[in-house]
Amino acid sequence: MEDSPSTYKTCHFSLLDVWLKRNGWIGNFALGASYISLPWWAGQALFGTLTSDIIVLTLLYSIAGLGIAIVNDFKGVEGDRALGLQSLPVAFGTETAKWICVAAIDIKITQLSVAVYFLSLQYLDI
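Conventions used here
- The residue count restarts for each chain, going from 1 along the sequence in the order it is written.
- Note on the predicted model: pLDDT of at least 70 is required for a residue's local features to be given, and 80 or more for side-chain atom pairs to be given and counted; whole-chain, interface and lining totals, by contrast, use all residues.
- Hydrogens and water are ignored here; the side-chain numbers use all heavy atoms of the structure.
- A run of H or I in DSSP becomes a helix once it reaches four residues, and a run of E becomes a strand once it reaches two; helices and strands are each numbered from the N terminus.
- Whether a residue is buried, partly exposed or exposed follows from its accessible area with a 1.4 Å probe, protein chains only, as a fraction of its type maximum: under 20%, in between, or over 50%, in that order.
- Contacts are assigned to residue pairs with any non-hydrogen atoms lying within 4.5 Å of each other.
- Comment: axis = line fitted to C-alpha atoms, over the contacting stretch for helices; angle = value between 0 and 180 degrees taken between N-to-C directions.
- Crossing handedness is read from the near helix: turned anticlockwise from the far helix by less than a right angle, it gives a left-handed crossing, and turned clockwise, a right-handed one.
- All amino acids are sorted into three groups, where Ala, Val, Leu, Ile, Met, Phe, Trp, Tyr, Cys and Pro are nonpolar, Asp, Glu, Lys and Arg are charged, and the leftover types, Gly among them, are polar.
- Patch construction takes residues with relative accessible area above 30% that form no salt bridge. Like charges are linked within 9 Å, and nonpolar side chains (Val, Leu, Ile, Met, Phe, Trp, Tyr) are linked within 5 Å.
- Reported accessibility uses the Shrake-Rupley method at a 1.4 Å probe radius. Residues are deemed covered only where the shown protein chains occlude them.
- Should a side-chain nitrogen of Lys or Arg be within 4 Å of a carboxyl oxygen of Asp or Glu, the pair is scored as a salt bridge.
- Orientation is classified from the angle alone, with under 35 degrees giving roughly parallel, over 145 giving roughly antiparallel, 65 to 115 giving roughly perpendicular, and any other angle giving oblique.

## Things to note about the overall build of the chain
For the chain, the count of helices and strands is 7 helices and 0 strands. Tracing the chain from N to C terminus, the helices and strands come up as α-α-α-α-α-α-α. Taken over 126 residues, the chain has a buried fraction of 31%. Residue pairs at least 24 apart in sequence account for 63% of intrachain contacts in the chain once pairs closer than 6 positions are excluded.

## Quick word on the packing of helix α3 (residues 52–73) against helix α6 (residues 94–105)
Close contact between α3 and α6 brings their axes to 7 Å; oriented N to C, the two are set at 145°. Judged by the twist between their axes, the crossing of α3 over α6 is left-handed. Between α3 and α6, the residues in contact are Ile 63, Ala 64, Leu 66, Gly 67, Ile 68, Ile 70 and Val 71 and Ala 97, Ile 100, Cys 101, Ala 104 and Ile 105, respectively. Split into classes, the residues belonging to the contact of α3 with α6 amount to 11 nonpolar, 1 polar and no charged.

## What about a nonpolar patch on the surface?
On the surface, Trp 25, Ile 26 and Phe 92 cluster together into a nonpolar patch covering about 310 Å² of accessible area. Position of Trp 25 among the secondary structure elements: in helix α2 (residues 24–47). Of the residues examined, Trp 25 reaches a relative accessible area of 40% and is grouped as partly exposed.

## Considering the pattern of salt bridges
Scanning the model with the defined rule gives 2 salt bridges in all. Residue Glu 78 pairs with Arg 81 through a salt bridge whose shortest N-O separation is 3.6 Å. Of this pair, Glu 78 and Arg 81 both sit in helix α4 (residues 77–83), 3 residues apart, which is roughly one turn of that helix. Note on Glu 78: relative accessible area 59%, which makes it exposed. Here Arg 81 falls in the partly exposed class, since its relative accessible area comes to 44%.

## Comments concerning the packing of α2 against α3
The N-to-C vectors of α2 and α3 enclose an angle of 135°; their axes lie 6 Å apart at closest approach. Comparing their axes, α3 and α2 come out oblique. Seen along the crossing, α2 lies across α3 with a hand that is right-handed. Contacts from Trp 25, Asn 28, Phe 29, Leu 31, Gly 32, Ala 33, Ile 36, Ser 37, Trp 40, Trp 41 and Gln 44 of α2 reach α3 at Ile 54, Ile 55, Thr 58, Leu 59, Tyr 61, Ser 62, Ile 63, Gly 65, Leu 66, Ala 69, Ile 70 and Asp 73.

## So, the environment of Leu 38
Relative to the assigned elements, Leu 38 resides in helix α2. When the C-alpha atoms of Leu 38 and Ile 55 are compared, they prove to be 9.3 Å apart, with 17 residues separating the residues in sequence.

Quick look at the structure:
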């Protein structure tokens, strides 16, 4: 095997992925946050102002990213099961994981969380 920086990065990323998949909730939320929150934070930090509102809202929208990550877990159920990884389809079964996925992506969790946050700002007079 070639001993290059790219090989090291690939192995390191794969080990991190396996480590995060030990707990499906943490791993999927981390993946969702890396797709949604981190790019927004980087853009705001570089070209705007990174505020607490942006941090909270992007973390709430990362719940939808969690659902998208669950979709990807359905492809690897057999491998996850063989490796003892607790992806949500393995931990809860594919039927329950399907509904967790729908709830995370659909308005039930993500949009309601954002609505509650905005309402709390209004009632707290912030």
